[in-house]
Amino acid sequence: MSRTLETKTEAVLARELGADRGRRPIGGRPRRAGLLKFGYWWWALPGILFVIAIHYVSTGVGGFFAFTDWTGIGAFEWIGFDNFVAIFQDPSKVGALVNTLFLAFASVILSTVVGMGLALGLNRGLKSRYVLRVLFFMPVVLSPLAVSYIWKFIFDFNGPINVVLRALGLGEFAKAWVADPVWAIWTILIVIVWQNTGFAMVIYLAGLAAVPVEMEEAAAIDGAGVWQRFWHIVLPSIRPAVAIATTLGLVNGLRVFDQIMALTGGGPASATETLATQVYKESFALGNFGYGAALALLLTVIILVFAVVQQRVTQGRPEEN
Amino acid sequence: MFRYTRLTALRESLFWVLAIVFLAPFYFLLMTALKSDQEVITSSALAPPSSPDFSNFSDVVTASGNSNVLLGLVNSVLITAGSIALLVLLGSLTGYVIARSTRRWSRAVYYLFLVAIVLPTQLGTVPLYIGARSIGLTGSVLGMIILYTGMLLPLSIFLYAGFFRGLGTEYEEAATIDGASRTQVFFRVVLPLMSPATGTVAILAGLIVWNDFFTSLIFLGGSANQTLPVAMYYYIGSLVSSWNKIFAIVVVSMIPILAFYLFAQKRFIQGFAGGLKG
């Protein structure tokens, strides 16, 4: 994308400026007082230290505890990969891993498809498109926890879905959806997608705004159908937007926590546990800090790997950037 | 090509039907929150209340409902406002130095922040919790402000650095010639020019802090200083299935953010689209 390009030119510039500075001072008076022409370099210090402490040091320390049997108090021992072996031998933890991956990928795919559909429909032409955009975006600003409670009612045994099913004479399909081992995970998926769709839509709308109308018109005159225009003109131009929306959706999907705590609490019988809920329960409810840290390290590695892979895949060939 | 035809009108009404279905959860939310204890059990989930009953709201807000919702509201406002103020100050200063520096270290620092944006908080949470507990910062509003500032600083710096890169140095040069000090140049000239960036940072970071549940559950869990999501979680946990009460508290928790959104929807949507596009 343009960002990498920018940094590259700046790097070149930096080298030139540095060489220049060695020969003669820029401007009238010597600029040796600082590295910068404006501002002071130490202005960045609090921010850098803050980020290093809260993000890197704490993550590093957490990574260290992943290889110990610490319980939060007292002594601990280095136990190597025992925690990880235990994770992969415990069916409920493997189940949590599978659930995490399923929720992340399914929610990204569904939000992308629905969000793209909304964005294409609301891009041009409709008179009330601005009002509709505001309405479809509304769930994005709400707390996932609060939203999940609304949906818990909708999926309740006496909730709206079952009322409609019974009214249609499909009463035998009515069930307590969030307490059903098969359906519980799908209810969580629906809640995530409902909240993420508006976000995807807005990112795609921003991408679509950059697609020139003339190009689409020219293609239409040349006889390209709707599908061809989308596939060959619109989609390539909004590729960066797709990269951003899917990467962020994936990263957030892998961390899913609030919706599960509100809707199912991980149940029924661990059917909807995810890595994030397991990290919370092991570390803070059961006091197995070392084991919880190992789960968190697993989650971190998965997120970093997918973030990098996702960026590579959706951004396409390097020369396109 | 884009004339308003009958097909467009059809598309328009189709999208309105979709919007109504999409927003149906809000209908259930409001209708149920207005039902009495009796009616919420006897009436159909789809039916509106026979006569609106506002007692759920007064129950939830006053102490009679035994909830910390009002205290949670105050705490959430304090924590969100404090975090935004610090994020704007530290984020703009750091972003400025990174954007204006031509040295190689500034690029390294930039990537340090970029990686930190994706780095999940879960792994660092346990050490942070132990650290905060040992210096007495768990369960306090100040502790949460410091924590959220650190957590969201990479995002704030990233956004500011992007905006600063797009700003030419002419203003700074002119102000310097006029005799302004470097501090004056930044706070009097550059930062006021950055109000779109500040708005984006405030909206994105403020929303994340306001809605955060995971971090505040861990750091404020058992304490008296709960944020709105945590207070809501505990209160609803004690209610079992009194949906009218649950929805009253959900409505109360949504009012501030929804009011803010509808008031400044354009800024919200632009903030999300522009800010995250980078």
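Thresholds, definitions, all that
Residues numbered from 1 in each chain as written. Chains lettered and ligands numbered in written order. Predicted model: local features only at pLDDT ≥ 70, side-chain atom pairs only at ≥ 80, totals over all residues. Helix = DSSP H or I, 4+ residues; strand = E, 2+ residues; numbered from the N terminus. Rg over C-alpha atoms; globule rule 2.2 N^0.38 Å. Buried ≥ 20, exposed ≤ 12 C-beta atoms within 10 Å, placed from the backbone. Contact = placed C-beta atoms within 7 Å. Nonpolar A, V, L, I, M, F, W, Y, C, P; charged D, E, K, R; others polar. Axes fitted to C-alpha atoms, helices over the stretch in contact; angles between N-to-C directions. Parallel < 35°, antiparallel > 145°, perpendicular 65-115°, else oblique. Domains from an automatic or database assignment. Left-handed = near helix turned anticlockwise from the far one by under 90°. Core = buried A, V, L, I, M, F, W, Y, C linked by C-beta atoms within 7 Å. pLDDT = per-residue confidence, 0-100.

K.L.:
An account of the overall build of chain B is requested, with residue identities and associated values reported.
P.N.:
Helix and strand content of chain B: 15 helices and 0 strands. Taken against the 2.2 N^0.38 rule, which gives 19 Å for 278 residues, the C-alpha radius of gyration of chain B at 24 Å runs more than 25% over that of a compact globule. With the principal axes as the frame, chain B shows a C-alpha extent of 75 × 65 × 35 Å. Each of the 278 residues in chain B was classed as buried or not, and the buried ones make up 47%. For chain B, long-range pairs separated by at least 24 residues make up 73% of all intrachain contacts whose partners lie at least 6 apart in sequence.

K.L.:
A description of the overall build of chain A should follow, citing residues and the corresponding values.
P.N.:
Per the secondary structure count, chain A includes 14 helices and 0 strands. N-terminal to C-terminal, the α/β element order of chain A is α-α-α-α-α-α-α-α-α-α-α-α-α-α. Counting across all 321 residues of chain A, residues that qualify as buried make up 43%. The contacts in chain A between residues at least 6 apart in sequence include a share of 70% that link residues at least 24 apart.

K.L.:
Can you tell me about the interface of chain A and chain B, naming the residues and giving the values?
P.N.:
Counting residues at the interface gives 86 residues for chain A, matched by 78 residues for chain B. Here the element with the most residues in the side of chain A that touches chain B is helix α2 (residues 45-65) of chain A; it accounts for 14 residues. Of the residues belonging to the side of chain A that touches chain B, the class tally is 60 nonpolar, 17 polar and 9 charged.

K.L.:
An account of the packing of α2 of chain A against helix α5 (residues 69-100) of chain B is requested, with residue identities and associated values reported.
P.N.:
One way to put it is that α2 of chain A packs onto α5 of chain B with a least axis distance of 8 Å and a crossing angle of 110°. The angle between α2 of chain A and α5 of chain B places the two elements in the roughly perpendicular class. Across the interface between the two elements, Pro46, Gly47, Ile48 and Phe50 of chain A of α2 of chain A pack against Leu90, Gly91, Leu93 and Thr94 of chain B of α5 of chain B. The class makeup of the residues in the contact of α2 of chain A with α5 of chain B is 5 nonpolar, 3 polar and no charged.

K.L.:
Describe the domain arrangement of chain B, and please don't skip the residues or the numbers.
P.N.:
According to the domain assignment, chain B contains domain 1 (6-63) and domain 2 (67-238). A separation of 36 Å is found between the C-alpha centroids of domain 1 of chain B and domain 2 of chain B.

K.L.:
An account of the packing of α5 of chain B against helix α8 (residues 141-165) of chain B is requested, with residue identities and associated values reported.
P.N.:
Residues and elements named next belong to chain B. It is the contact of α5 with α8, at a shortest axis distance of 6 Å, that shows an interaxial angle of 40°. α5 and α8 meet at a crossing whose hand is right-handed. Looking at side-chain class alone, the contact of α5 with α8 contains 18 nonpolar, 9 polar and 2 charged residues.

K.L.:
So what's going on with the nonpolar core? Which residues, and what values?
P.N.:
Counting 169 residues, the largest nonpolar core has Val202, Ile203 and Tyr204 of chain A together with Met232, Ile249 and Val250 of chain B as its most contacted members. Here this core gathers at least three residues from each of two domains, domain 1 (6-63) and domain 2 (67-238) of chain B.

K.L.:
Now, about the confidence of the model for chain A: what can you tell me, with residues and values included?
P.N.:
Residue and element names in this part refer to chain A. Within chain A, residue pLDDT values average 83, and 87% of them lie at 70 or more. This stretch, residues 1-33, has a pLDDT under 50; its non-local contacts, to residues over four places away or in other chains, come to 18 contacts. Considering only residues more than four positions removed or in separate chains, one finds that residues 317-321, a stretch of pLDDT under 50, has 3 contacts.

K.L.:
Quick rundown of unusual backbone geometry? Include the residues and the values.
P.N.:
Where the residue is not glycine, phi is negative for most of them; where a peptide bond is considered, it is trans in most cases. Non-glycine residue Ala269 of chain A carries a positive phi angle of around 50°. One can find Ala269 of chain A in the loop between α12 (258-263) and α13 (275-285).

K.L.:
I'd love a proper account of the confidence of the model for chain B, names of residues and values included.
P.N.:
This prediction gives chain B a mean pLDDT of 87; 96% of its residues lie at or above 70. Quick note on the complex model: pTM equals 0.86, ipTM equals 0.90.

K.L.:
Quick rundown of the environment of Ser50 of chain B? Include the residues and the values.
P.N.:
Topologically, Ser50 of chain B is positioned in the loop between α3 (37-42) and α4 (55-61). As for Ser50 of chain B and Ser36 of chain B, which are separated by 14 residues in sequence, their C-alpha atoms are 9.4 Å apart.

K.L.:
Requested: an account of the environment of Gln310 of chain A, with residues and values cited.
P.N.:
All names here are of chain A. You can see Gln310 is positioned in helix α14 (residues 289-315). In this structure the C-alpha to C-alpha distance between Gln310 and Leu250, which are 60 residues apart in sequence, comes to 8.7 Å. Discounting residues that sit within four places of it in the chain, Gln310 has contacts with Thr246, Thr247 and Leu250.

K.L.:
Quick rundown of the environment of Phe306 of chain A? Include the residues and the values.
P.N.:
Residue and element names in this part refer to chain A. When you line up the elements, Phe306 lands in helix α14. You can call Phe306 buried: it has 20 C-beta atoms within 10 Å. Residues Phe306 and Leu254, spaced 52 residues apart in sequence, show a C-alpha to C-alpha distance of 9.6 Å. Residue contacts for Phe306: discarding those within four places in its chain leaves Leu250 and Leu254.

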